[in-house]
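What follows is each chain in one-letter form.
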Amino acid sequence: MTLTAEALVNKSLDLVSPPNTYIQLNKLIQDPDSAIDDISAVINTDPALATRLLRIVNSPFYGFPSQINTISRAITIIGTRELTHLVLATSVINAFKGIPSSLINMDEFWRHSFATAITAQLLAEECGQHATERFFIAGLLHNIGSLVLYQSMPELAGEAIRSAEFGHEVLFKAEQRVIGFAHTDVGYALAHAWHLPHSLQEVARYHHSPSEAEDFPIDVAIVHIADVLVSSVPFGHSGDNHVPPLDPAAWELLALNEVQMPMLLQQVSERIDLLSSVMLNQE
Amino acid sequence: MNQPPLTEDELKQREERFRYVDLSHPLMQVLFHMQLPAKDQTEQAL
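Residues numbered from 1 in each chain as written. Chains lettered and ligands numbered in written order. Predicted model: local features only at pLDDT ≥ 70, side-chain atom pairs only at ≥ 80, totals over all residues. Heavy atoms only, no water.

A. Representation of a negative patch on the surface. A surface patch of like charges, here negative, comprises D31, D33, D37 and D38 of chain A. With respect to the secondary-structure elements, D33 of chain A resides in the loop between α2 (20-29) and α3 (36-44). (Patch = residues over 30% accessible without salt bridge, like charges linked within 9 Å, V, L, I, M, F, W, Y side chains within 5 Å. Areas by Shrake-Rupley, 256 points an atom, 1.4 Å probe, with all protein chains shown as cover. Salt bridge = Lys/Arg side-chain N within 4 Å of Asp/Glu carboxyl O. Lys, Arg positive; Asp, Glu negative; His and termini not counted. Charge placed at Lys NZ, Arg CZ, Asp CG, Glu CD. Helix = DSSP H or I, 4+ residues; strand = E, 2+ residues; numbered from the N terminus.)

And the structure:
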């Protein structure tokens, strides 16, 4: 029987538990009767998580002038949605800590993801989008399917990486040929199984084929362009040394000026070390 | 912005990295020729 992306994710759910605190928080955010105290209470049930979050919001990446000592204060300062996204990000990073370094350098993998997150948020601001923090988490998790492949089928994933490195195809096409599906399929299946927001599901699924996006074409186009920009520098390494093919329609949709992109990437280069440092040192 | 031209090795690495993109697109033209400060170029370490 042929293995599908959904079946792989279902098997992997035994190894990778869903981000339950994030799921609880997401429900609370959508409840108009919930208060900051309710949200703090959920986070404080996991002291390790609360400590990690306080370390992140007190880091030079955020650069707040005074110390933030409580989750309630953190919510007041950075907002419920951004803190909830940090919960999701730290949960995912922790969930996939077991990936062997012989397969891929995970610090470099996350550096690519963090750079895509910062770039996506900056692009969204350039495009005049509101609530741009959602683009940060979309960029950060766009390759979440790769993590499942690396963790659950390291041999085949390694074969696809080597094929992309030494052969003549981009990684997602090598994955389709070697495994039968790509990290985009797995990312969608995982995001769906975890009940992540629909926009994150679409970004995971279509960031290499943004014209196929159904409900969130702007979100998908922004992360697609961010991935291309970040791979061009490159910041980090997602498993593929090549810049993924650009969908010109996605670029046109955003109506940006290409001449501004080096300056935007310069801003990314000034922030990426700060973000990587605080996100990857979470013990 | 005045930037030194790419060395032959840098040009080869870049051509390989941009192998699957259409370099006639204006965005890709800009990205292909772009140079950021050396500390952010992790390509040497890969």
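B. How the structure looks around unusual backbone geometry. All names here are of chain A. The omega torsion across V233 and P234 is -10°, close enough to zero to call that bond cis. With respect to the helices and strands, P234 occurs in the loop between α14 (217-232) and α15 (248-254). One non-glycine residue, H195, lies in positive phi territory at about 60°. Along the chain, the position of H195 falls in the loop between α12 (183-193) and α13 (198-206). The backbone of A255 shows a phi angle near 50°, a positive value even though the residue is not glycine.

C. A look at the interface of chain B and chain A. On the chain A side, the residues contacting the 21 residues of chain B number 30 residues. With both chains or domains summed, chain B and chain A bury close to 2,300 Å², and 65% of this area falls on carbon and sulfur atoms. Applying the counting rule to chain B against chain A returns zero salt bridges. Where chain B packs against chain A, one counts four residue pairs in polar contact (both at pLDDT 80 or more). (Contact = heavy atoms within 4.5 Å. Buried area = accessible area lost by both parts, 1.4 Å probe. Polar contact = N/O pair within 3.5 Å; in protein donor to acceptor, adjacent residues only side chain to side chain.)

D. Broad picture of the packing of helix α1 (residues 5-12) of chain A against α12 of chain A. Residue and element names in this part refer to chain A. Following both chains from N to C, one finds α1 and α12 inclined at 50°, their axes separated by 8 Å at the closest point. The orientation of α1 relative to α12 falls into the category oblique. Here α1 runs over α12; the crossing is right-handed. Two secondary-structure elements touch here, α1 through A5, E6, L8 and V9 and α12 through D185, V186, A189, L190 and A193. (Axes fitted to C-alpha atoms, helices over the stretch in contact; angles between N-to-C directions. Parallel < 35°, antiparallel > 145°, perpendicular 65-115°, else oblique. Left-handed = near helix turned anticlockwise from the far one by under 90°.)

E. Structural view of α3 of chain A. All names here are of chain A. Here α3 has its buried residues at I39, S40, V42 and I43. For α3, the arc enclosing every buried residue in end-on projection is 160°, short of the 170-degree limit, so these residues lie on one face. Packing partners of the buried residues in α3 comprise α2, α4 (47-57), α5 (71-78) and α6 (80-95). (Buried < 20%, exposed > 50% of the residue type's maximum accessible area, 1.4 Å probe, protein only. Arc of directions from axis to C-beta.)

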